[in-house]
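Given next are the chains, with one letter for each unit.
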Amino acid sequence: MALIVPEAQTPFSPVQQPRISHDMPGIGDALSTVGNTLVAIEGAKVQRRREGAMREARVQTIERLGELNTRYQQDTDYNGLSDRFQADADQAFASIAETLPPDLRERYMQDARETLAPQKQAFARLEYGLERQHSRVSGQAALRTYVNESANAPDEDSRLAIMSEAAAFLASAVEDGTYTPEEADAMLQKLATDSDFALALGMSIEDPDVFLERLDDGAFPNIDPVTKERLQIGAKAEISRRDAQAAKQLDVEAKAAQKAQAATVDDAIAIIENGRPYTGLAELQAQVKGTPDEARLNATLRAQQVAGNFAVLSPAQMAAEIAQIAKTATNDPADIARLERLRAMRSNTIKSLENDPLSHAKERGITTLGPVDFDDRATVRDRISTAEAVAEDVMDGLPPSPIRYFTNDERDSLAAIVQADNADAKLSLVNNLVNTFGPRAPAVLAEIGASDPVFELAGNLVSQTGQVEVARTLLNGQRLLAEGQGAKVKKVDRDAVRASVAEMFPRSLHDRFPLLLEAADAYYAVSGQMANPEAEPEARRRSYMKAVQAAAGQVTRNGRTYGGIQMVNGRQTLLPATLDAATAEALLEKAKPEDWVKASVSGAAPMWGGKPLPELFTGRAGSVHPGRLALEYIGRGQYLVSIQRQNGELRYLTDDAMPDGKARLSLERLLELQEGR
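Cut-offs applied
Residues numbered from 1 in each chain as written. Predicted model: local features only at pLDDT ≥ 70, side-chain atom pairs only at ≥ 80, totals over all residues. Heavy atoms only, no water. Salt bridge = Lys/Arg side-chain N within 4 Å of Asp/Glu carboxyl O. Helix = DSSP H or I, 4+ residues; strand = E, 2+ residues; numbered from the N terminus. Buried < 20%, exposed > 50% of the residue type's maximum accessible area, 1.4 Å probe, protein only. Patch = residues over 30% accessible without salt bridge, like charges linked within 9 Å, V, L, I, M, F, W, Y side chains within 5 Å. Areas by Shrake-Rupley, 256 points an atom, 1.4 Å probe, with all protein chains shown as cover. Lys, Arg positive; Asp, Glu negative; His and termini not counted. Charge placed at Lys NZ, Arg CZ, Asp CG, Glu CD. Pairing = 2+ DSSP bridges. Axes fitted to C-alpha atoms, helices over the stretch in contact; angles between N-to-C directions. Parallel < 35°, antiparallel > 145°, perpendicular 65-115°, else oblique. Contact = heavy atoms within 4.5 Å. Nonpolar A, V, L, I, M, F, W, Y, C, P; charged D, E, K, R; others polar. Polar contact = N/O pair within 3.5 Å; in protein donor to acceptor, adjacent residues only side chain to side chain.

S.K.: Whenever I open this one, the pattern of salt bridges confuses me. Can you help?
M.R.: If the charged atoms of two oppositely charged side chains come close together, the side chains can form a pair. Scanning the model with the defined rule gives 20 salt bridges in all. Two residues, Arg-71 and Asp-88, come together in a salt bridge whose shortest N-O distance is 2.8 Å. You can see Arg-71 sitting in helix H1 (residues 27-73) and its partner Asp-88 sitting in helix H2 (residues 81-97), a full 17 residues away along the chain. Here Arg-71 falls in the partly exposed class, since its relative accessible area comes to 48%. Across the pair Glu-410 and Arg-383 runs a salt bridge, and its minimum N-O distance is 2.6 Å. Here Arg-383 lies in helix H13 (residues 377-394) and Glu-410 lies in helix H14 (residues 408-419), a separation of 27 residues in the sequence. Overall, the relative accessible area of 22% leaves Glu-410 in the partly exposed class. Via salt bridges that share partners, Glu-238, Arg-241 and Arg-242 belong to a single interconnected network.

S.K.: Any chance you could explain a negative patch on the surface here in plain terms?
M.R.: There is a patch of like negative charges on the surface, built from Glu-206, Asp-207, Asp-209, Glu-213, Asp-216, Asp-217 and Asp-243. Counting residues per element, the negative patch draws most heavily on helix H6 (residues 208-216), at 3 residues. Tracing the backbone through its elements, the reader meets Asp-209 in helix H6. Of the residues examined, Asp-209 reaches a relative accessible area of 43% and is grouped as partly exposed.

S.K.: What am I meant to see in the pairing of strand S9 (residues 629-635) here?
M.R.: Side chains on a regular strand alternate between the two faces of the sheet. For S9, the tally of buried residues reaches 6 of 7 residues, placing the bulk of the element in the interior. In this structure, the hairpin formed by S9 and strand S10 (residues 638-644) is closed by a connection of 2 residues, where Arg-636 is found at a positive phi of approximately 55°.

S.K.: What is the right way to look at the packing of helix H17 (residues 453-465) against helix H20 (residues 513-527) in this model?
M.R.: Two quantities define a packed helix pair, namely the angle between the helix axes and the distance between the axes. Two elements in contact, H17 and H20, have axes whose closest approach is 9 Å; the angle formed by their N-to-C orientations is 80°. Judged by the angle between their axes, H17 and H20 are roughly perpendicular. Judged by residue contacts, Pro-453, Val-454 and Leu-457 of H17 engage Leu-515, Leu-516, Glu-518, Ala-519 and Ala-522 from H20. Class assignment of the residues belonging to the contact of H17 with H20 gives a composition of 7 nonpolar, no polar and 1 charged.

S.K.: How should the environment of Arg-628 be read in this particular structure?
M.R.: By secondary structure assignment, the location of Arg-628 is in the loop between strand S8 (611-612) and S9. Sequence spacing of Arg-628 and Arg-571 is 57 residues, and the spatial spacing of their C-alpha atoms is 10.0 Å. With residues near it in sequence (within four places) discarded, Arg-628 still touches Asn-569, Ser-642, Ile-643, Gln-644, Arg-645 and Gln-646.

S.K.: Whenever I open this one, the side chain of Arg-664 confuses me. Can you help?
M.R.: Assignment of secondary structure puts Arg-664 in strand S12 (residues 664-665). Looking at Arg-664, the relative accessible area reads 13%, which means it is buried. Side-chain polar atoms of Arg-664 contact the backbone oxygen of Lys-662, separated by 3.0 Å. Not counting residues up to four positions away in its chain, the partners in contact with Arg-664 are Ala-599, Ser-600, Val-601, Ile-634, Gln-638, Tyr-639, Leu-640 and Met-658.

Written out as structure tokens, the structure is:
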């Protein structure tokens, strides 16, 4: 039996196995056969390895071609598509061939190229199809461009030239096979229709009147009748909309003009009623002639001319003039309007004076007003005399109020220094105000320091006691607290001190009592740094009470205690630094009837049961002894005056000239009156 090895095997055909032959001639032949068989077996092994390598290469080839097919089927870049596929496939084949024995590589590459050929042809067809599709898409885009250019052409000749260029473009596309002649004819007809429609649509929106005229002249022949009718309806609707919009715009503009004119007249009336000249009055009168604003403006002008320069009068003088005119007024609309305007002018004057009296007087030419220079005392003296004259004469007829020594702008400029976190600048301002305004310094400090009670108290300390260092301590302590530094009084100690004072005169400081404690906290922020935080509660409270008294202006001179919280007629009272308790009680007891009137803030005697206070001190039954008078400090050197009843109840003396009906007294004024005798 002999092994027969197949001879005709291809690289990609299955390996055939040896066959057995039953023809056995003899032993010699048998030995020869055995030798040949061993050689054949070894050769078969080699052949199988070679065929296995070829099969593996073929599998890899099929896989790589599959990957390339998938990738290039999705590639939309038709330029060089088949060549790029060929190059990537050749690179893949070369890489696989490197894994084969050298004598098999050429055979492998030949078989791989044969396998690749039909696929490359398929990609060449795909490349051609994509290129043609792109050309057709580009052609459609070009035609849309021609449509837009035609619709926007400046004239008919330009439009025809664009259409001619489009026809040439389509002819070229037919020559290169992008379109068939039938497709090109259909596209050219659609181009004409779309061009007409685009032109008609734009014209019907932008200029519907011209569109309707052109339509009547037979324009736009390529548009079907139904579309023409739709465009015609739209153009007519656009004309109606524009007409309505124009009418509405005219109405809006007319109303806006009326509103603007009314506002101009309002401004003119406000200026005239405030006594200032109005520039352009003649032009405004001509402008409003025949309109409702004419009557309003003329009524104001007549009212302004009633009693000379009405706007420079004080509220009291204005009221007198109005009352005099009202006596002779009739029901004539002009008389009624005149009175209304005069009353409006008086109301505006009151508001202006309450807001900024010095600016009011300056703007109306009532007085001149120079700047205040703290280095030039003459300017301060001029300002004091001007402010007090305005308060006395120009503000006549208004409820009593503190004299204002600065305009609002000046006050705000100084207040900016007060509000800044600079203790040295604040103290410098305090010294300037105290040194230049003298006895009027407390009023000035209250005017510019209304938003900072610590600053006001510090200024009053310098004004009343000359204690600059105490004021410096207050202002530095205020800065420390703002920075979160300095000594802080314990809440329990603060509350205890507050209760011990407040419960003995619960209304005496009103809303100013918390302000006093705020100043005490600032003083304690500096002085309390030396205190022992572990001391007994009573010692800590005494330390804080000293801060309260220092902030209240208490000083000791020649063994006597002035200012601060002291007992006056059996009740704790906050006194100015110029008075002690004994002096305050003596002032009340020795005051003469005329003193009560002159020391009253309103200039009227305090009343009790309808009788002036001085008449009660008769010594007869039912009269009130001065020792029963109680004083409650309410700020700015003013005290409410009340009588202590047997049950401890306080009954306030009255003054009808004050807004709340309660009498107010100045102890320092009483002191001046008695020291002057």
